Each structure stands twice: as C-alpha cells, then as structure tokens.
Amino acid sequence: VTDQFNDNYCEMVVDSMADRLVVTAIEGDTEAATEWSSTVLQDNRFDGLQMDAHTATVRDGDSFVMVSYDSERGRVLLTHEPAYDGTAGVIPVYDRMARELVAAVKVWVEGDDKRINLYYPDRVEKYLFKGAATLSRDMLTKLDEAEWVDATGRALGVPLFHLRNKPQTRRSTGLSEISGVIPLQDALNRTLVSMVLTAELTAFQVRVARGFDPPTNLSPGMWVVIGPDGLANDQIADASVMEQGQIVPFIAQADWLINQIGTISRTPLPSLMGGDGESGEALKEREKGLLSKVTKFTVKNGNVWEDVMAYAARLQNTFGTTLAPASLRWFCRWQSVELRNQSEVVKNAVLVADRVSEREFLRMIAPVFNWDAAKIEAILLERAEDTSRNVGAAGAFLPQFNLTQAEVAPPAAQQTIAA
C-alpha cells in the first residue's frame, strides 16, 4: 500500500537540509597548502562526493569518508562509505568515552559472500565470511594482514572519518533527521489511503434495494417493474444509496500532519515560504529553525573535513613521491547556508559598487551566478583585455598619436622664437 499511497515528506526534510551543506574549500595556512588541497578535492570529484556523504549523514545519522592512497596514480583517494545497515557498511568502534575512534569495521557483499576489513591505527586485517546470515567470528576466514604505518614505523591511524548528524557527548552515533518524522509520515500515508477510498466510494456509490430485486441490466431511461402483480397494501418498496463519507475531514487531517512534519523537523514548508518577491530577511525568519540545525552541522562536521585533509597530507608524505605543503591548520569553508533573494543580493552589491574593488563586487554577486574564484579571475582578466584593446583603438584616432616624440617636437629654431 505504501508504494501506491505515499505522500513522501521525508525526502523533502532530508534534501532541504542537505542542499545547504556545501563545502567550497578546505584551506591550509599557506597558499601552497590551499592549492594542494584544491587539487586533491578536484581529483576526487569532491562536489559529488560531499553531496552523497552529507545526504547520507542527514538521512541515516551517520556516514564515513575513507582516505587511502593510490600508488599507481600517485594520488590521495577520498571515498564515501555509508553506515552499516544490517547488510553492508561501516561500523565504528570508539573508546569507552565515545571520543576517539579506535577501530572501524567495513562490511560489503561480493556474490554470495561477505568481505570484512578491520581497520586499526597500525594495521588492516581482511576476512572472508561465507554463507551464514549472521556474522560470527568462528565463520571468518582471514585473508590478509598488512601494517599501516609511516616510514618511521608510527601508526598512521584509522583511515575512516565519521560524519554525524546531531552528535551528542558520549554517544558514538548520530541521529537521523527523519527519526521523529517517520511516525507522522506513516499516519499521513494511512490518511491518504482513507482519503482515496472515500473518494472512490463517493464516485461509485453503494445502492440499496428494499422490498424487491433490482434488475441487473438497469440503465438510464428504463422502467423498474416491482413484482409481476404489483405491491400489496402492506408491502413497501424503496431504493436508496448508502451515505457517503466526507473527504474534507481527511484533507484537514492530512494538512495537520504535514504541518507537524514541518514543525518537528524544523523544515520550512514550500506552501508557507511565500513568493519570489519575499525579502531576504523574511525568508531568513521563516527558515530560522532550518538555519540553526544546518549551522550546527557545519561546525561539527567541518572539523571532520579538516581532519580528512590533514590525514590526506600525511598519506601523501608517507606514500607519495612528493611532499604535501606544510600546514599547521586546515580550515573548512562552507557556502552560505542562508536563502537569499537573488535580485536583492545584486541590488545591495550595486549600491556599494563604487566603494569596493571590482574583485570584491564580483565576489558579492558570485553566489547568484554560481561563480567560483577561477571564474571571477577569468572575468577580471577578460575585462582587463577589453580595456586595453579599447584604449589602443581609441588612441589611433588621436592627432599624431602614431608619431615619435622627435617628430612631434618643433624644430629648435621655433623653440627659440617661442621662448
């Protein structure tokens, strides 16, 4: 039934939050480190990777990023790893205080078998699990074990990094954004079923015949003959329809459930967001709850992305032929989480255009047109070339512009007379 009657608001709750979670850069404390980080992100198609990781984190509560090194291509690899769902995924193992990740288990399916890797700070163990539905250590066959240390023999650390939604102290897992929404979603789906059945019974009414057998081939315009000899004085014949159910109460109930989903999840409903002409401040006020939880997500998980890049630099220095530029700190930069009226952004930028540099003006309007730093530099270069070309073309029309200084200067005699 849920496949046929499913007014799915869980997807809206997840996407409304995940769409705001965009990392624009992971910067180092030097230009060289920032450039190296940018190359790593580009090599790993980070725009798509972070989209998958953030969506899974919001939906499931947990998600992971694995950092490894591809010796053949000579580069750091970043891969998204979902949390364990009972069949496959990653299981984190924390210390007793639920602060430090001391190991991680990755499970995946290959044909009829399961593969299991155990990641410790100093080694990786690989196992094969055949046949049985429930994991058991007795059923594991060890395939391989490899050290995971740097050139000095120091442990490199667990190569998995834990993204969590709504993390709490001393709790090792996150919380799904839709955990409180699913019961409301189930009630909404049941209401939708009742609404559809009520509408069908209204269109195809149940008729009642009392005191006679109605003809089965009845059609509009026909006479209905009740009995071959008519009715006796004490007989009653009657035809009616069963009273239909009212669909309006179900619509009201569905609206209430939808509003509750928005309230519980702090997700602004499209029907309450207003039109395109709404000001940025009005939109910001209506989505205040969403902005709050998105901001909390960026603070906590921004630290995780910084740890990912620090670990990537360590792997580059251990396995690469060149060293990563040194950086004592890494800084995760997020796209603005606020929803702004685009025309208002451009209007405000124009108001201060004569007070800021051309580059800063382009930065202000860049979010409207999805321009990155490279696009801004390309625009500035193109404008500089246009300006140079226009100045050269205008100079050709100036009197004696193409003459040398000696040709333009008057003869010495004329200079003397003029003096």
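Shown above is the structure to which this text applies.
The structure reproduced in this document is the subject of the present report. (Residues numbered from 1 in each chain as written. Predicted model: local features only at pLDDT ≥ 70, side-chain atom pairs only at ≥ 80, totals over all residues. Heavy atoms only, no water.)

## Overview of unusual backbone geometry
Then step 1. Although it is not a glycine, Arg-45 adopts a positive phi angle of roughly 50°.
Then step 2. Positionally, Arg-45 belongs in the loop between α2 (31–43) and α3 (46–60).
Then step 3. The residue Arg-266 is not glycine, and still its phi comes out positive at about 55°.
Then step 4. With respect to the helices, strands and loops of the structure, Arg-266 is situated in the loop between α5 (248–265) and α6 (280–286).
Then step 5. For Arg-266, a relative accessible area of 34% puts it in the partly exposed group. (Helix = DSSP H or I, 4+ residues; strand = E, 2+ residues; numbered from the N terminus. Buried < 20%, exposed > 50% of the residue type's maximum accessible area, 1.4 Å probe, protein only.)

## Concerning the packing of α2 against helix α7 (residues 288–319)
Then step 1. The contact between α2 and α7 brings their axes to 11 Å, and the two run at 95°. Our classification of the angle between α2 and α7 gives roughly perpendicular. Contacts from Trp-36, Ser-37, Val-40 and Leu-41 in α2 reach Met-309, Ala-312, Ala-313 and Gln-316 in α7.
Then step 2. Residue composition of the contact of α2 with α7, by class: six nonpolar, two polar and no charged. (Axes fitted to C-alpha atoms, helices over the stretch in contact; angles between N-to-C directions. Parallel < 35°, antiparallel > 145°, perpendicular 65-115°, else oblique. Contact = heavy atoms within 4.5 Å. Nonpolar A, V, L, I, M, F, W, Y, C, P; charged D, E, K, R; others polar.)

## Description of a nonpolar patch on the surface
Then step 1. Taken together, the side chains of Leu-201, Val-206, Val-208 and Met-242 make up a nonpolar region of the molecular surface, amounting to roughly 350 Å² of accessible area.
Then step 2. Mapped onto the elements, Val-208 comes out in strand β10 (residues 207–210).
Then step 3. For Val-208, a relative accessible area of 37% translates into the label partly exposed. (Patch = residues over 30% accessible without salt bridge, like charges linked within 9 Å, V, L, I, M, F, W, Y side chains within 5 Å. Areas by Shrake-Rupley, 256 points an atom, 1.4 Å probe, with all protein chains shown as cover. Salt bridge = Lys/Arg side-chain N within 4 Å of Asp/Glu carboxyl O.)

## Thoughts on the sheet that holds strand β3 (residues 75–82)
Then step 1. Taken in spatial order, the three strands of this open sheet run β3-β2-β9, and their pairing is antiparallel. The two strands at the open ends of the sheet, each matched to only one other strand, are β3 and β9 (160–164). Going across the sheet, the axis of each strand differs from the next one's by a mean of 25°, ignoring polarity.
Then step 2. Strand direction decides the pairing type here: strand β2 (residues 62–70) and β3, joined by eight bridges, are antiparallel. Of the residues in β3, the one forming a bridge with Met-66 is Thr-79. (Pairing = 2+ DSSP bridges.)

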